[in-house]
Amino acid sequence: MTIEQASIQITRKPWGCVDLRPWSRIDASADPVGELWLERTGVSAPIPALLFKLLFTSQPLSIQVHPDDELAHALGLPNGKTEAWYILSAAPGARVALGLKQHLTPQALRAAIRDGSIAGLAQWHPVVQGDVIFVPAGTIHALGADIVLAEIQQRSDTTFRLFDFGRNRELHENSAVAASVAGPPPTQSPPRRLTDVRKVLVANPHFILERIDLQANSRWALDTDRETWILVIEGSGRIGSTATSVGDAIFAEADSAGIEVGPEGMSILIAYPGPDPIAALLQDCAERTTKSAVASGVVHAPTSSRIIEVQT
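Report on the accompanying structure. This is a predicted model, so every value here is computed, not measured. (Residues numbered from 1 in each chain as written. Predicted model: local features only at pLDDT ≥ 70, side-chain atom pairs only at ≥ 80, totals over all residues. Heavy atoms only, no water.)

1. Looking at the layout of surface pockets
To be explicit about the condition: Here a cavity denotes a set of grid points, spaced 1 Å apart and computed over the protein atoms alone, in which a 1.4 Å probe fits but from which it cannot get out, and a pocket denotes an open set meeting protein on both sides within 12 Å along at least five of seven lines; residues with an atom within 4 Å of a point are reported as lining. Grid points are joined across faces, edges and corners, and a volume is the space filled by probe spheres set on the points. Secondary structure counts use DSSP, requiring at least four H or I residues in a row for a helix and at least two E residues in a row for a strand, with both numbered from the N terminus. In the scheme used here, Gly and all other residues not listed as nonpolar or charged are polar, with Ala, Val, Leu, Ile, Met, Phe, Trp, Tyr, Cys and Pro taken as nonpolar and Asp, Glu, Lys and Arg as charged.
Of the pockets and cavities examined, the largest pocket occupies roughly 340 Å³. Forming the boundary of the largest pocket are 23 residues, of which Lys13, Trp15, Glu35, Gln64 and Thr159 lie nearest the centre. Broken down by secondary-structure element, the contributors of at least two residues to the lining of the largest pocket are strand 2 (7–17), strand 3 (33–39), strand 4 (50–57), strand 6 (83–90) and strand 10 (141–143). In terms of residue class, the lining of the largest pocket is built from 7 nonpolar, 7 polar and 9 charged.

2. A short note on the side chain of Thr224
Test applied: Burial classes: relative accessible area under 20% of the type maximum marks a residue as buried, over 50% as exposed, and values in between as partly exposed (1.4 Å probe, protein chains only). For this analysis, residues touch if any pair of their heavy atoms sits within 4.5 Å.
For Thr224, the location among the structural elements is in strand 16 (residues 219–239). Judged by relative accessible area, which is 3%, Thr224 ranks as buried. When neighbours within four sequence positions are excluded, Thr224 is seen to be in contact with Ala252, Ala254, Asp255, Ile278 and Leu281.

3. So, unusual backbone geometry
A negative phi holds for most residues other than glycine; trans holds for most peptide bonds. Of the consecutive residues Arg21 and Pro22, the connecting peptide bond is found in the cis state with omega at 0°. Along the chain, Pro22 falls in the loop between strand 2 and strand 3. A cis amide bond links Gly274 to the next residue, Pro275, at an omega of 15°. Mapped onto the fold, Pro275 is located in the loop between strand 18 (249–272) and strand 19 (282–284).

4. Here we look at the pairing of strand 14 (residues 198–203)
What counts, and what does not: Here, a strand pair is defined by DSSP locating no fewer than two bridges between the strands.
Both strand 13 (residues 192–193) and strand 14 contribute to a ladder of 2 bridges, which runs antiparallel. Bridged to Arg192 within strand 14 is Val200. Turn length for the strand 13-strand 14 hairpin, with the two strands adjacent in sequence and antiparallel, is 4 residues. Note that strand 14 and strand 15 (residues 208–214) share 5 bridges and pair antiparallel. When the sheet's bridge partners are listed, Val202 is paired in strand 15 with Leu209. Hairpin remark: strand 14 followed by strand 15, antiparallel, with 4 residues in the connecting loop.

5. Thoughts on the environment of Arg95
By secondary structure assignment, the location of Arg95 is in strand 7 (residues 95–100). Counting along the chain gives 138 residues from Arg95 to Ile233, while the straight-line C-alpha distance between them is 21 Å. Excluding residues that lie within four positions of it along the chain, Arg95 makes contacts with Trp124, His125, Pro126, Val127, Leu143, Gly144 and Ile147.

6. Regarding the packing of aromatic side chains
To describe a pair of aromatic rings, you give the distance between the ring centres and the angle between the ring planes. Under the convention used in this document: Side-chain rings of Phe, Tyr and Trp, where Trp is taken by its six-membered ring, are said to pair if the distance between their centres is within 6.5 Å; with planes under 30 degrees apart they count as stacked, over 60 as edge-to-face, and otherwise as tilted.
Across all of its chains, the model carries 3 aromatic pairs by this definition. On the numbers, 6.5 Å between centres and 80° between planes, the contact of Phe134 with Phe207 is edge-to-face. Taken together, the residues span a long stretch of sequence, with Phe134 in strand 9 (residues 132–135) and Phe207 in the loop between strand 14 and strand 15 at a distance of 73 residues. For the pair formed by Phe134 and Phe207, the shared burial category is buried.

7. Regarding the pairing of strand 11 (residues 147–154)
Within strand 11, 8 of the 8 residues are buried, leaving the element largely enclosed by the surrounding structure. Relative to strand 11, strand 4 runs antiparallel, the two being bridged by 8 bridges. The partner of Phe52 across the bridge, within strand 11, is Ile152. As defined by bridge partners, strand 6 adjoins strand 11 across 7 bridges and the pair is classed as antiparallel. Among the inter-strand pairings, Trp85 is bridged to a residue of strand 11, identified as Glu151.

8. Considering the pattern of salt bridges
For clarity, the cut-off: Salt bridges are identified by distance alone: a Lys or Arg side-chain nitrogen within 4 Å of an Asp or Glu carboxyl oxygen.
Under the criterion given, the structure shown has 14 salt bridges. Put simply, Lys81 and Glu83 hold a salt bridge, and the shortest N to O gap is 3.7 Å. Where Glu173 meets Arg110, a salt bridge forms, and the shortest distance between an N and an O atom there is 2.8 Å. Note that Glu173 is positioned in helix 4 (residues 173–179) and Arg110 in helix 2 (residues 106–115), a separation of 63 residues in sequence. Assessed through its relative accessible area of 18%, Glu173 is described here as buried. Here the residues in one salt-bridge network are Glu35, Lys53 and Glu151, joined through shared partners.

9. What about the sheet that holds strand 3?
The condition is simple: To define axes, lines are fitted to C-alpha atoms, for helices over the stretch in contact only, and angles between the resulting N-to-C directions are given on a 0 to 180 degree scale.
Ordered in space as 2-3-4-11-6-9, the 6 strands form an open sheet in which the pairing is antiparallel. In this open sheet, the two edge strands, each paired with only one partner strand, are strand 2 and strand 9. Across the sheet, the mean angle separating the axes of adjacent strands is 20° when strand polarity is ignored. Bridge count between strand 3 and strand 4: 4 bridges; the pairing is antiparallel. In the strand pairing of strand 4, Trp37 is matched with Lys53.

Given below as structure tokens:
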């Protein structure tokens, strides 16, 4: 049973940013930061199945693809890499690539990698704050410049590059061709609302990603039966014993915690293993108190301390 503030692992990248505010106070002025990995606090803690990251881009990333579980196992890796992105901020004109404009045979894909024409075959889409993009393993994709996003993924760092925008890093032609579903991206299911405050953004066998919007000064009970990552994206509050604000992250596993929301409200991203949302993940403490009072024959009126007897 665990409730702890997540630690941060810094990953420096040439395409990263020097100003990470408001998501982090890390000084990146001397060496750009591309990724912040959210990790367990203890070095001896079990390794989670999921990896939650923040990414900061000042340049386009490579056009790339990740293997699915079947290919990963054939390569001797523990699992593939399916991921999802939540756009935290994006400059005007920012875009991402997802899938190709047309289906390619393996031979045609190999030729497009060799001559660089894969860059013109990628489907680029404009993005704005709040967009959600699901990237199943095997989907050719890329991130453009001037984006900050939260990424939830299977825990894997296996990436095969098809095009690198002149950086002269190694391309992985054979592995990329083997991993790619070389065509348009699969249709993405729209977000669906579970309750007034919970919205499922992405659901698949590997993970669930939700956005939760909590009203100012409200109180909630979080109850999870599996590993769960929480990232504050708006407002502030207290989760368990930890005061949190924008950019703070909490890891929980098979545990319960109270949530006290600050005066400006609080919005969080929450992710945990799939395939189905946790039905009883979040309970409104005021509602739960009212239900308990009704069950016992006593209801507290919400606007006063007057006690109303209920006939049962």
